[in-house]
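Now for the letters of each chain:
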Amino acid sequence: MPQFTTLTSRLVALPVNDIDTDQIIPARYLKVTDKAGLGAALFADWRYDADGSPKPDFALNQPAAQGAQILLAGDNFGCGSSREHAPWALIGYGFRAVISTSFADIFRNNALKNGLLPVVVDPATHAELLELAEEAPGATLVVDLAAQTLTLPGGRAVSFPIDGFSKACLLKGTDELGYLLSFEPQIAAYEAVHS
Amino acid sequence: MATMPQTLFEKIWDAHVVAQEPDSPAVLYIDLHLIHEVTSPQAFTGLRARGLKVRRPDRTVATMDHGIPTYSPDLPILDELAARQIKALEDNCAEFGIRLYGLRSPNRGIVHVIGPELGLTQPGMTIVCGDSHTSTHGAFGALAFGIGTSEVEMVLAAQCLLQRKPRTYQVHVEGQLGRGVSSKDIILALIARIGVGGGTGHVFEYTGPAIRALTMEQRMTICNMSIEGGARAGLIAPDETTFDYLAGREYAPRGAAWDAAVARWRQLPSDEGAVYDKTVTLDAAALEPMITYGTNPGMGLPITGRVPDPDTLSDANQKLALDKALKYMGLRPGQPLLGQPVDVVFIGSCTNSRLSDLRLAAGLFKGRKVAPGVRVLVVPGSQEVKKQAEAEGLDRVFREAGADWRYAGCSMCIAMNGDQLQPGQYAVSTSNRNFEGRQGKGGRTFLASPLTAAAAAITGCITDVRTML
């Protein structure tokens, strides 16, 4: 898994509540056997016209959004299906962090396993960030995972929560399967009793 | 010393914790791992890259459902990508020694239909699948939830997952359902009440007389859509209805083992005085048939209701969301849904494709015809459901009414297999998601029960089925 320590990047806002995984990547793009190339399908039905050309009014197609690695989304981001293709598409496109007031459970788990940081902020900070994105398109934020802070252009830093285990895994780039396999003796002991 | 009263969820959780380090997720043992073609290929690639084996092929069961066409298993799959994904599952199962209910198996079907049907799903188990509707299996009093592909790989390799303990949320349903109102209407009413994020971080437990009165198939419909309320899992305590359903099924225990299992399962229901982190109460008797009007399952209404007006909402983001949804759906604030014309009716999916769902729909179709210009697709949840429905003559009822009777699969619920809406088309669908484009790019979905779907098929518009019974 890629490491996540700090990230300094422009912000792109998609201020829609309950963005589901069918919007993040529509089901017709799931007929793949690997993870590569899914960035092109990110938000496909919002991003492209019927003929495949970029819709000029969509947030990700704005000049100020180019190269942005931080996505600011509405409440309850990633609801719906369990498809890990959603974080694969976000990462494939170039995002490393998503900011929202809340994330759906399965999406959050999937994101953390792929080095994509879900940043939860309170509604007031969320509103301030939306305003910032509108007034100063392409404004730059700094995410510091070790300090658990998000720093706004004015220098104000807000802290965000993350559980200690996920934080440690992201900081070191450790993947969770290695950690899980270290419990082999306990798993074998459990199986000896239970099956 | 008296022990603390526990919920059903806490009992199952505690019985499956293999290890737990401080400030870390629990190592949770998984009893049954279901896999399908869409969310597993990258997990097998990961196993190969690390030189790992599948730890418990005997606890792993595979089928193909999302990408398969429903026209006939004997015709070649024209979609090259879908065909490649299905072939990958066949190859992976052969290589790692996993039982596969493949294309021509009489037991193939939607993974959440065949698990219970085969008796693989049992009370007290932990069950996972790379599919969010794994919550379906909670109807048996099993802790069942959807996982991502990295987690599929973890379960294949270690038969365990790293999990943080969720909180509990009691959904208590009083009273009895009225005529023409079904378990689908209970779950749509719940989600309309609490919203699509209402259950985030929680596991639902459905309790109360209205739940007790439901059959297993009706209970599965409710648990299936727990995820649409944001809860990864939804549980119903096992009872005689559960045991009667399971007795004699292929993988259910037999003889003395059955008696021992039932004795164990009787200990599972939540103890008197067990505490939930949250509770909500619904009155089944007050429910009407439900239908959605928007672009997530929380945007639902009693069928005689009117589309809400964004201008009455104070929260700016909610107003924006409703505006956007109504624009996509082509609906006006304040308009009734009754009488809204529809182009397509889909009866199927892991929510409502079991024999009792098909019987209800067929009961309404009998002696009636599909409205001119409406396309109706009836897709059984499994080949076994198909066989039983045909033995009862339900297929004839559907065909004579003018509906299309198909082979088992996810079909138009996910629209990645050839069955899909055209842009702008309206569908009444018994499936679980009305997200933008879910049933085909530009397609517009009204979620409802099989009865409400059948009523719309016959009249050509959204109809209160109670007027037809």
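Every residue gets a number counted from 1 within its own chain, in the order that chain's sequence is written. A letter from A marks each chain and a number from 1 marks each ligand, given out in the order of writing. Residue-level local features of this predicted model are given only where pLDDT is at least 70; pairs of side-chain atoms are given and counted only at 80 or more, and the full residue set underlies all totals for whole chains, interfaces and linings.

Right, let's talk about the overall build of chain A for a bit. Helix and strand assignments follow DSSP, with helices taken as H or I runs no shorter than four residues and strands as E runs no shorter than two, numbered in order from the N terminus. In terms of helices and strands, chain A carries 8 helices and 7 strands. Dimensions of chain A, computed from C-alpha atoms along their principal axes, come out at roughly 60 × 45 × 25 Å. Burial in this document is a count-based property: other C-beta atoms within 10 Å of a residue's C-beta are tallied, and the residue is buried at 20 or more, exposed at 12 or fewer, or partly exposed in between, with C-beta positions derived from the backbone. Here chain A, with 195 residues, has 45% of them falling under the buried criterion. A separation of at least 24 residues holds for 69% of the contacts in chain A among residues at least 6 apart in sequence. Each residue is represented by a C-beta atom placed from its backbone, and any two residues with such atoms within 7 Å are regarded as in contact.

Our focus in this paragraph is the overall build of chain B. Helix and strand content of chain B: 15 helices and 19 strands. Relative to the compact-globule value of 23 Å for 469 residues, chain B shows a C-alpha radius of gyration of 22 Å, a close match. Along the three orthogonal principal directions, the C-alpha set of chain B runs to about 60 × 55 × 45 Å. Once local pairs closer than 6 in sequence are excluded, the contacts in chain B between residues at least 24 apart make up 78%. Note that the radius of gyration is over C-alpha atoms, with the globule rule given as 2.2 Å times the number of residues to the power 0.38.

All names here are of chain B. Tracing the backbone through its elements, the reader meets Arg332 in the loop between helix 11 (316-329) and strand 15 (344-347). For Arg332, a count of 10 C-beta atoms within 10 Å puts it in the exposed group. The sequence separation of Arg332 and Pro308 amounts to 24 residues, and the corresponding C-alpha distance is 8.7 Å.

Turning our eyes to something else, we now look at helix 8 (residues 216-224) of chain B. Residues and elements named next belong to chain B. For helix 8, the buried fraction is high: 8 of the 9 residues fall into the buried class. Every buried residue belonging to helix 8 is among Glu217, Gln218, Arg219, Met220, Thr221, Ile222, Cys223 and Asn224, and all of these are buried. Looking at the buried residues of helix 8, the elements they touch are helix 4 (111-117), helix 6 (183-194), strand 10 (202-207), strand 11 (233-235) and helix 12 (355-365).

Residues and elements named next belong to chain B. By the convention used here, strands pair only if DSSP detects at least 2 bridges between them. Alignment of strand 9 (residues 167-174) against strand 10, held across 6 bridges, turns out to be parallel. Considered in strand 10, the bridge of Val171 is made with Tyr206. Between the parallel pair strand 9 and strand 10, the chain is carried across by helix 6, and the sense of this crossover is right-handed. Crossover handedness is defined here as right-handed if the route from the first strand over the helix to the second strand goes clockwise, with the strands pointing away from the viewer.

Time to look at the packing of helix 12 of chain B against helix 14 (residues 394-401) of chain B. Residue and element names in this part refer to chain B. Two elements in contact, helix 12 and helix 14, have axes separated by 9 Å at closest approach and are oriented at 45°. With respect to their mutual orientation, helix 12 and helix 14 come out oblique. The crossing of helix 12 and helix 14 is left-handed. Contacts between helix 12 and helix 14 involve Leu358, Arg359, Ala362 and Phe365 from the former and Leu394, Val397, Phe398 and Ala401 from the latter. Of the residues belonging to the contact of helix 12 with helix 14, the class tally is 7 nonpolar, no polar and 1 charged. Axis lines are fitted to C-alpha atoms, over the contacting stretch for helices. Their N-to-C directions set the angle, which ranges from 0 to 180 degrees. Any angle that is under 35 degrees is reported as roughly parallel, and any over 145 degrees as roughly antiparallel; angles of 65 to 115 degrees are reported as roughly perpendicular and all others as oblique. Helix crossings are classified by the rotation of the near helix relative to the far one: an anticlockwise turn of less than a right angle makes the crossing left-handed, while a clockwise turn makes it right-handed. Any residue that is not Ala, Val, Leu, Ile, Met, Phe, Trp, Tyr, Cys, Pro, Asp, Glu, Lys or Arg is counted as polar, Gly included; the first ten are nonpolar and the last four charged.

Quick look at the packing of helix 6 of chain B against helix 8 of chain B now. Geometry of a packed helix pair, given as the angle between the helix axes and the separation of the axes. Residues and elements named next belong to chain B. Their axes nearest at 8 Å, the elements helix 6 and helix 8 cross at an angle of 20°. One element, helix 6, and the other, helix 8, form an angle in the roughly parallel class. Seen from above, helix 6 lies across helix 8 with right-handed handedness. Residue-level contacts link Ser183, Lys184, Ile186 and Ile187 of helix 6 to Gln218, Arg219, Thr221 and Ile222 of helix 8. Of the residues in the contact of helix 6 with helix 8, the class split is 3 nonpolar, 3 polar and 2 charged.

The next thing to look at is the sheet that holds strand 19 (residues 444-447) of chain B. The strands that make up a sheet are held in pairs by hydrogen bonds between backbone atoms, and each pair lies either parallel or antiparallel. Residues and elements named next belong to chain B. Here we have 5 strands laid out as an open sheet, ordered 17-16-15-18-19, and parallel in their pairing. The sheet terminates laterally at strand 17 (404-405) and strand 19, the two strands that pair on one side only. One ladder, built from 4 bridges, connects strand 18 (residues 426-429) with strand 19; its direction is parallel. Its bridge partner being in strand 19, Val428 is matched across the sheet by Phe446.

Before going further, it helps to spend a moment on the interface of chain A and chain B. Between chain A and chain B, the residue contacts involve 42 residues of the former and 54 residues of the latter. Mapped onto the side of chain A that touches chain B, the elements with two or more residues apiece are helix 1 (21-24), helix 4 (105-112), helix 6 (164-172), helix 7 (176-181) and helix 8 (184-194) of chain A. Along the lines of polarity and charge, the residues of the side of chain A that touches chain B split into 14 nonpolar, 13 polar and 15 charged.

Below, the discussion takes up the nonpolar core. Connectivity within a nonpolar core runs through C-beta atoms within 7 Å, and the core itself is a set of buried Ala, Val, Leu, Ile, Met, Phe, Trp, Tyr and Cys residues. One finds Leu72 of chain A together with Val345 of chain B to be the most contacted residues of the largest nonpolar core, which totals 204 residues. The contacts of Leu72 of chain A, once residues within four sequence positions are left out, are Leu11, Val12, Ala13, Leu14, Ile99, Leu129, Leu130 and Ala133 of chain A.

Residue and element names in this part refer to chain B. Taken in spatial order, the 3 strands of this open sheet run 1-2-8, and their pairing is antiparallel. Across the chains shown, the open sheet's two edge strands, defined by having one partner strand only, are strand 1 (17-20) and strand 8 (160-163). Across the sheet, the mean angle from the axis of one strand to that of its neighbour is 25°, orientation sign disregarded.

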